[in-house]
Amino acid sequence: MSRIVLVEDRASTRKMVAETLKRRGFDVVSAGTVAAGKDLLREETPADFLLTDLQLPDGSGLDLLDFALERDALLPVIVMSAFGTIEIALEAVKRGAYDFVPKPFDTNRLVELVSLAVTRRSRAADASAEWKIDSETASGIVGTSEATEAAVRKARRVAPSDATVLLLGESGTGKELYARAIHEWSGRKDGSLVVVNCAAIPGELMEAEFFGSERGAFTGAVARKLGKVEVASGGTLFLDEIGELPSGLQAKLLRVLQERTFMRVGGTEEVRADIRVIAATNRDLRRQVEEGRFRDDLYYRLAVFPIRIPSLGERREDIPLLARRFVQEEAAKQGRALTLTADAEARLGEAAWPGNVRQLRNVVERAVILADADEIDASCFDDLEPAEPAPAGVGDEPRAAKSGEDGRTLLEIGRDAQRRAESRAILEALEATGGNRTEAARRLGISYKTLWAKCKEYELGEEAKG
């Protein structure tokens with residue numbers, strides 16, 4: 001029987017919630033203050049869930065939240081309050097709360113949340129016991145660099161919770177791989193991971209793709225269709241390229257994150273959204289918020305737990321590991337056994353990688369195809385350009401806004417470097433594909449729409465036409 005610690009200062013509310021939970025089969029112990037709640041959490045019988053009010057006579061429920069998670073990092077906690085605001089809710093979730101429930105609340109809905117969280121706790125504990133980081137891989141993530149290990153640690157820490165995660169990083173850094181790892185390390189691992197590329201769905205179809213549609217909702221809707229949100233129920237919804245989401249869908253996604261409900265296109269009834277959301281972008285969402293192209297309230301809901309995925313230039317010590325892994329995988333497809341020479345590894349380590357890990361894999365794949373001997377030497381990579389100073393990471397604030405000798409800030413210098421690197425990569429891809437933008441976009445790991453926008457933004461002009 002799961003043990004629930006309930007901390008609520010109003011005796012009538014405490015009694016009502018406790019009796020409701022007991023009727024559902026939970027063992028409930030309750031208190032009315034932070035101090036008494038800590039005493040219950042210290043007892044020999046461990047708690048399986050903490051349900052606490054925000055404002056208590058001797059302190060804040062957030063302090064009790066911190067105390068509980070210090071003792072048990074996987075303990076699910078729901079914070080309740082009659083004075084709920086987005087800022088308080090975000091603060092609670094950032095500090096590790098499973099959810100935030102404003103008062104007055106639907107008791108049945110609260111019990112449903114508790115039941116889900118207790119189940120997830122059990123699954124997350126199993127996932128935690130199974131997980132260990134290998135010297136080269138963690139759920140497919142290759143690397144031993146400090147930057148990689150820092151990102152993996154953050155992903156591992158947030159995985160057991162249901163907190164929304166925002167993955168920030170350049171194109172080709174492996175954001176989907178991190179999303180899959182977080183899902184596998186979470187209590188939702190037995191559910192589905194549903195991947196949605198927000199840049200790849202035509203605007204007129206996007207709402208139905210997200211939320212589904214009822215029969216007769218529009219021409220051709222001959223039966224009910226489930227959307228991505230509903231298909232992901234009980235699992236994780238990964239929204240890639242979230243910066244491409246149209247403004248109309250941004251408002252509807254915000255409702256899903258706030259209320260955990262949605263309506264199918266043409267429907268009249270609300271549907272529960274039992275999902276965990278992970279979003280990813282290679283864009284500067286804060287800049288898009290400032291420019292009015294992305295909702296600020298949605299950004300704050302998505303950025304509850306941001307993780308920046310390092311570029312390949314920031315984790316150069318991982319390049320040999322990655323290259324060897326890719327050589328093995330690509331050679332195995334051809335029934336061959338190939339190795340990289342030391343000179344080849346050195347050449348790869350010195351090259352610029354504007355396309356990051358995705359570009360490295362493509363370069364290695366080409367070398368494997370062209371290799372005549374059992375070794376791949378440095379001559380296979382003669383066309384790689386040497387690295388320039390790494391641009392500022394996407395989504396990062398500069399440490400200081402100091403001006404350089406030419407009067408530019410660090411942020412401006414970083415953006416200029418990124419512009420040059422991306423322009424060069426786009427032109428190289430277009431040249432390699434004979435000007436075929438669709439194929440160039442595929443090689444670069446971006447959508448045709450994104451490629452078109454970047455060609456326009458960087459004024460590539462005639463040389464980028466195909």
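Here the structure is shown first, and the text comes after it.
Structural notes, computed from the coordinates. Since the structure is predicted, the reported quantities are computational estimates derived from the model, not experimental observations. (Residues numbered from 1 in each chain as written. Predicted model: local features only at pLDDT ≥ 70, side-chain atom pairs only at ≥ 80, totals over all residues. Heavy atoms only, no water.)

### Observations concerning the pattern of salt bridges
Under the definition given, this model contains 25 salt bridges. One salt bridge in this structure joins Arg224 and Glu214, with 3.0 Å as the shortest N-O distance. Of this pair, Arg224 sits in the loop between helix H8 (203-211) and helix H9 (228-231) while Glu214 sits in the loop between H8 and H9, placing them 10 residues apart in sequence. Lys333 serves as the salt-bridge partner of Glu330, at 3.3 Å between the closest nitrogen and oxygen. (Salt bridge = Lys/Arg side-chain N within 4 Å of Asp/Glu carboxyl O. Helix = DSSP H or I, 4+ residues; strand = E, 2+ residues; numbered from the N terminus.)

### Thoughts on the side chain of Thr164
Tracing the backbone shows Thr164 in the loop between helix H6 (146-158) and strand E10 (165-168). Apart from the residues within four sequence positions on either side, Thr164 is in contact with Leu257, Arg260, Val277, Arg301, Leu302, Val304 and Phe305. (Contact = heavy atoms within 4.5 Å.)

### Comments concerning the environment of Asn282
Counting through the fold element by element, Asn282 comes out in the loop between strand E15 (276-281) and helix H11 (285-290). Given the relative accessible area of 17%, Asn282 is considered buried. Along the sequence, Asn282 and Gly243 sit 39 residues apart, while their C-alpha atoms lie 8.0 Å from each other. (Buried < 20%, exposed > 50% of the residue type's maximum accessible area, 1.4 Å probe, protein only.)

### Quick look at H6
Between the first and last C-alpha of H6 there are 19 Å, a value that for 13 residues agrees with the 18 Å anticipated at 1.5 Å per step. Restricting attention to buried positions, one finds in H6 the residues Thr148, Ala151, Val152, Ala155, Arg156 and Val158. (Expected span 1.5 Å × (residues − 1).)

### Concerning helix H2 (residues 34-42)
Count 3.6 residues to each turn of an α-helix, and residues three or four apart come out pointing the same way. Of the positions making up H2, those classed as buried are Val34, Gly37, Leu40 and Leu41. Taken down its axis, H2 places every buried residue within 120° of arc, on the same side. (Arc of directions from axis to C-beta.)

### Brief notes about the environment of Asp318
Considering the arrangement of structural elements, one finds Asp318 in the loop between strand E16 (305-308) and helix H13 (319-333). In this structure Asp318 comes out as buried when scored by relative accessible area, which is 0%. Sequence separation of Asp318 and Thr148 is 170 residues, and the distance between their C-alpha atoms is 8.5 Å. The residues touching Asp318, leaving out its near neighbours within four places in the chain, are Val142, Gly143, Thr144, Ser145 and Thr148. Here Ser145 takes part through its side chain, which lies 2.7 Å from a polar atom of the side chain of Asp318. Side chain to side chain, Asp318 and Thr148 meet in a polar contact 2.6 Å long. (Polar contact = N/O pair within 3.5 Å; in protein donor to acceptor, adjacent residues only side chain to side chain.)

### Notes on the side chain of Lys175
Mapped onto the elements of the fold, Lys175 is located in helix H7 (residues 175-184). One buried charged residue, Lys175, forms no salt bridge at all, with the nearest opposite charge on Asp240 at 5.6 Å. Within polar-contact distance, the side chain of Lys175 engages the backbone oxygen of Gly169 at 3.2 Å. Ignoring sequence-local partners within four residues, the contact set of Lys175 consists of Leu167, Leu168, Gly169, Glu170, Phe238, Ala280, Thr281, Asn282 and Ile309. (Lys, Arg positive; Asp, Glu negative; His and termini not counted.)

### Looking at the sheet that holds strand E6 (residues 77-81)
Where strands meet in a sheet, backbone hydrogen bonds hold them as pairs that are either parallel or antiparallel. Spatial strand order, E2-E1-E3-E6-E7: 5 strands in an open sheet with parallel pairing. The open sheet is flanked by strand E2 (27-31) and strand E7 (99-102), the only strands paired with a single partner. Shown here is a sheet whose adjacent strand axes are inclined to one another by a mean of 20°, direction ignored. Note: strand E3 (residues 49-53) against E6, 4 bridges, orientation parallel. Residue pairing in the sheet places Thr52 in a bridge with Val79 of E6. In the packing of H2 onto the sheet, contacts are made with strand E1 (3-7), E2 and E3, and the angle to E2 comes to roughly 145°. The sheet contacts of helix H3 (residues 61-71) involve E1, E3 and E6, and relative to E3 the element is tilted by about 165°. (Pairing = 2+ DSSP bridges. Axes fitted to C-alpha atoms, helices over the stretch in contact; angles between N-to-C directions.)

### Describing the environment of Val17
One can find Val17 in helix H1 (residues 11-23). The exposure class of Val17 is buried, given its relative accessible area of 2%. Val17 sits 11 residues away from Leu6 along the chain, and the two C-alpha atoms are 8.4 Å apart. Discounting residues that sit within four places of it in the chain, Val17 has contacts with Leu6, Leu51, Phe105 and Leu110.

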